[in-house]
Amino acid sequence: AQTVTQSQPEMSVQEAETVTLSCTYDTSESDYYLFWYKQPPSRQMILVIRQEAYKQQNATENRFSVNFQKAAKSFSLKISDSQLGDAAMYFCAYRSGPYGGSQGNLIFGKGTKLSVKP
Amino acid sequence: DAGVTQSPTHLIKTRGQQVTLRCSPISGHKSVSWYQQVLGQGPQFIFQYYEKEERGRGNFPDRFSARQFPNYSSELNVNALLLGDSALYLCASSITGPLSYEQYFGPGTRLTVT
């Protein structure tokens, strides 16, 4: 079975600085997708960034980028120029590819609570 | 366009009772998934429905059931409620089947069992 581990329950960053959130996962599958979701205090889960395992290039979305290390099964999220609105719970999630076992459902880590200090 | 909507927002039930939670997907989305998020944890997959058929089930007891209607809305039912069922229940929709890239989440229903 696939598992996702986020080893940092809480992180803090100064506004305008950079922070990196860690995520490791375990799988025997070769085709899969990885995601970072943001859940602000309002509770609505929002997709931040997505990475396909077959792609070697790390995904980037504006101030958000990932460091995807497939061999190490590591998938960290870097937030540059942090803003007060980035404060939220961040969840790393895994999904099997088309022929995998989890049939499209997401497997989440326990989350990292990010605080942004003004 | 309206996002995923869920009702009710909050719900308080007593142990042993039954509850029904409702979800309306984004217009045009045919797949709905349900997740349970216990306080301090990440969401856990309960069910996935696509084109009104169950396409996936997580490791939850038979007290949990769901269905999807012809308009693609969905209901999650939980019977014989336990204290441990207290959680935020999230619904997510996707445009095609289970292998859609992105799932769009609703705001959730907060269920408290006393």
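Residues numbered from 1 in each chain as written. Chains lettered and ligands numbered in written order. Predicted model: local features only at pLDDT ≥ 70, side-chain atom pairs only at ≥ 80, totals over all residues. Heavy atoms only, no water.

K.L.:
Sorry, what's going on with the overall build of chain A here?
P.N.:
If you tally the helices and strands in chain A, you get 0 helices and 12 strands. In sequence order, the secondary structure elements of chain A are arranged as β-β-β-β-β-β-β-β-β-β-β-β. Relative to the compact-globule value of 13 Å for 118 residues, chain A shows a C-alpha radius of gyration of 14 Å, a close match. Expressed along its principal axes, the backbone C-alpha trace of chain A runs to roughly 45 × 30 × 20 Å. Within chain A, the proportion of its 118 residues that are buried is 52%. For chain A, contacts bridging at least 24 residues in sequence account for 57% of all contacts bridging at least 6. Accessible area for chain A stands at about 5,700 Å²; split by element, carbon and sulfur atoms hold 47% of it. (Helix = DSSP H or I, 4+ residues; strand = E, 2+ residues; numbered from the N terminus. Rg over C-alpha atoms; globule rule 2.2 N^0.38 Å. Buried < 20%, exposed > 50% of the residue type's maximum accessible area, 1.4 Å probe, protein only. Contact = heavy atoms within 4.5 Å. Areas by Shrake-Rupley, 256 points an atom, 1.4 Å probe, with all protein chains shown as cover.)

K.L.:
Which parts of the structure should I look at to understand the side chain of Gln51(A)?
P.N.:
All names here are of chain A. Residue position: glutamine 51 is located in strand β6 (residues 46–52). Of the polar contacts made by the side chain of glutamine 51, one reaches the backbone oxygen of lysine 55; its length is 3.2 Å. Here glutamine 57 takes part through its backbone oxygen, which lies 3.1 Å from a polar atom of the side chain of glutamine 51. Leaving out residues up to four positions away in the same chain, glutamine 51 has contacts with Tyr32, Tyr33, Leu34, Gln57, Asn58, Ala59, Val66, Phe68 and Phe75. (Polar contact = N/O pair within 3.5 Å; in protein donor to acceptor, adjacent residues only side chain to side chain.)

K.L.:
In this structure, what is going on with the interface of chain B and chain A? I would like to understand it.
P.N.:
Many authors give the size of an interface as the accessible area that is lost as the parts come together. On the side of chain A, 22 residues touch chain B, which itself brings 25 residues to the contact. Taken over both partners, the interface formed by chain B and chain A buries close to 1,900 Å², and the fraction arising from carbon and sulfur atoms is 50%. At the junction of chain B and chain A, the tally comes to 0 salt bridges. Counting across the interface, chain B meets chain A through 3 residue pairs in polar contact (both at pLDDT 80 or more). When residues of the side of chain B that touches chain A are traced back to their parent elements, those giving at least two are β4 (31–37), β5 (44–50) and β9 (87–94) of chain B. (Buried area = accessible area lost by both parts, 1.4 Å probe. Salt bridge = Lys/Arg side-chain N within 4 Å of Asp/Glu carboxyl O.)

It is worth stressing that arrangement in space is one thing and function is another; only the former is reported here.
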